[in-house]
Amino acid sequence: MSDDVVTADAGAAEATPIQAGSVKKNSFVVLKGFPCKVVDISTSKTGKHGHAKANIVGVDIFTGKKYEEMCPTSHNILQPVVNRKDYQLVDIEDDGFVVLMDENNETRSDLKLDLESDDVHKKIKQEFNEGKELLVTVLSAMKTEKIIASKELNP
């Protein structure tokens, strides 16, 4: 027998199942494989032997794209684990990557600004170039992270 130790990652789940009938407006669900915020939900009862169906409309929390899904209210639908965290913006590299620092003074530089199509990211770059100290909010869900907002630290 060898002395090798095999370890497995027991990290938090990316999504948890909830019953489709208990989904509420403004909650988060996985629609077509994307984490979405529910903007509209309607239920309809079908015929004599059918199941009640839930029609769920959601907007992707990262891209803003609209998705729609219909499923029986008794079935399970996935609810993504969504986290928000604030970081202080330390620097913006020439290639668009940002250097961020959390409350424990630990830095990270694995997020990139989308300066072509994201207005929030354009505003962050502009305000940083003006010398403002910024706090950015990073939203993470299902192995995806994005800077979604910023505010000035000492206005």
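Rules behind the numbers
- Residues numbered from 1 in each chain as written.
- Predicted model: local features only at pLDDT ≥ 70, side-chain atom pairs only at ≥ 80, totals over all residues.
- Heavy atoms only, no water.
- Phe/Tyr/Trp six-rings, centres within 6.5 Å; stacked < 30°, edge-to-face > 60°.
- Helix = DSSP H or I, 4+ residues; strand = E, 2+ residues; numbered from the N terminus.
- Buried < 20%, exposed > 50% of the residue type's maximum accessible area, 1.4 Å probe, protein only.
- Domains from an automatic or database assignment.
- Contact = heavy atoms within 4.5 Å.
- Buried area = accessible area lost by both parts, 1.4 Å probe.
- Salt bridge = Lys/Arg side-chain N within 4 Å of Asp/Glu carboxyl O.
- Polar contact = N/O pair within 3.5 Å; in protein donor to acceptor, adjacent residues only side chain to side chain.
- Nonpolar A, V, L, I, M, F, W, Y, C, P; charged D, E, K, R; others polar.
- Pairing = 2+ DSSP bridges.
- Axes fitted to C-alpha atoms, helices over the stretch in contact; angles between N-to-C directions.

**Q** Explain the packing of aromatic side chains to me, and be specific about the residues and the numbers.
**A** According to the stated counting rule, one finds one aromatic pair in the structure shown. With a centroid separation of 4.8 Å and an interplanar angle of 15°, the aromatic rings of Phe-34 and Tyr-67 are classed as stacked. Here Phe-34 is found in strand 3 (residues 34-44), whereas its partner Tyr-67 is found in strand 5 (residues 66-72), with 33 residues between them in sequence. Since its relative accessible area comes to 35%, Phe-34 is described here as partly exposed.

**Q** Quick one: what's the story with the domain arrangement of the protein chain, residue by residue and with numbers?
**A** Interfaces are often sized by the accessible area lost when the parts come together. When its domains are assigned, the protein chain resolves into domain 1 (15-80) and domain 2 (82-152). Taken over C-alpha atoms, the centre of domain 1 sits 30 Å from the centre of domain 2. Contact with domain 1, which involves seven residues of that partner, is made by eight residues of domain 2. Here domain 1 packs against domain 2, burying approximately 660 Å² in sum over the two surfaces, 81% of which is carbon and sulfur. If you look at where domain 1 meets domain 2, you find zero salt bridges. Put simply, domain 1 and domain 2 have two residue pairs in polar contact (both at pLDDT 80 or more) between them. Partitioning the side of domain 1 that touches domain 2 into residue classes produces six nonpolar, one polar and no charged.

**Q** Can you tell me about the sheet that holds strand 5, naming the residues and giving the values?
**A** Taken together, four strands build an open sheet; the order of strands is 2-3-4-5 and the sheet is antiparallel. Across the chains shown, the open sheet's two edge strands, defined by having one partner strand only, are strand 2 (28-31) and strand 5. Within this sheet the neighbouring strands show an average axis-to-axis angle of 45°, counted without direction. In this sheet, strand 3 lies alongside strand 2 in antiparallel orientation, the contact comprising four bridges. Considered in strand 3, the bridge of Val-30 is made with Pro-35.

**Q** Tell me what's going on with the pattern of salt bridges, and back it up with residues and numbers.
**A** Taken as a whole, this structure holds eight salt bridges when the rule is applied. Glu-130 is paired through a salt bridge with Lys-132; the nearest N and O atoms lie 3.6 Å apart. Look at Glu-130 and you get partly exposed, because its relative accessible area is 48%. Look at Lys-132 and you get partly exposed, because its relative accessible area is 28%. A network of salt bridges, in which partner residues are shared, links Arg-108, Asp-110 and Glu-145.

**Q** Outline the sheet that holds strand 7 (residues 83-92), supporting the account with residue identities and numerical values.
**A** Spatially, 9-8-7-10-11 is the arrangement adopted by the five strands of the open sheet, whose pairing is antiparallel. Lying at the two open borders of the sheet, with one neighbouring strand each, are strand 9 (107-112) and strand 11 (144-152). Between one strand and the next, the sheet's axes are offset by a mean angle of 45°, whatever the strand orientation. Taken together, the four bridges between strand 8 (residues 97-101) and strand 9 define a ladder with antiparallel strand orientation. If you follow Phe-97 over to strand 9, its bridge partner there is Lys-112. Sitting on the sheet, helix 1 (residues 119-129) is in contact with strand 7, strand 9, strand 10 (134-141) and strand 11, with an inclination near 45° to strand 11.

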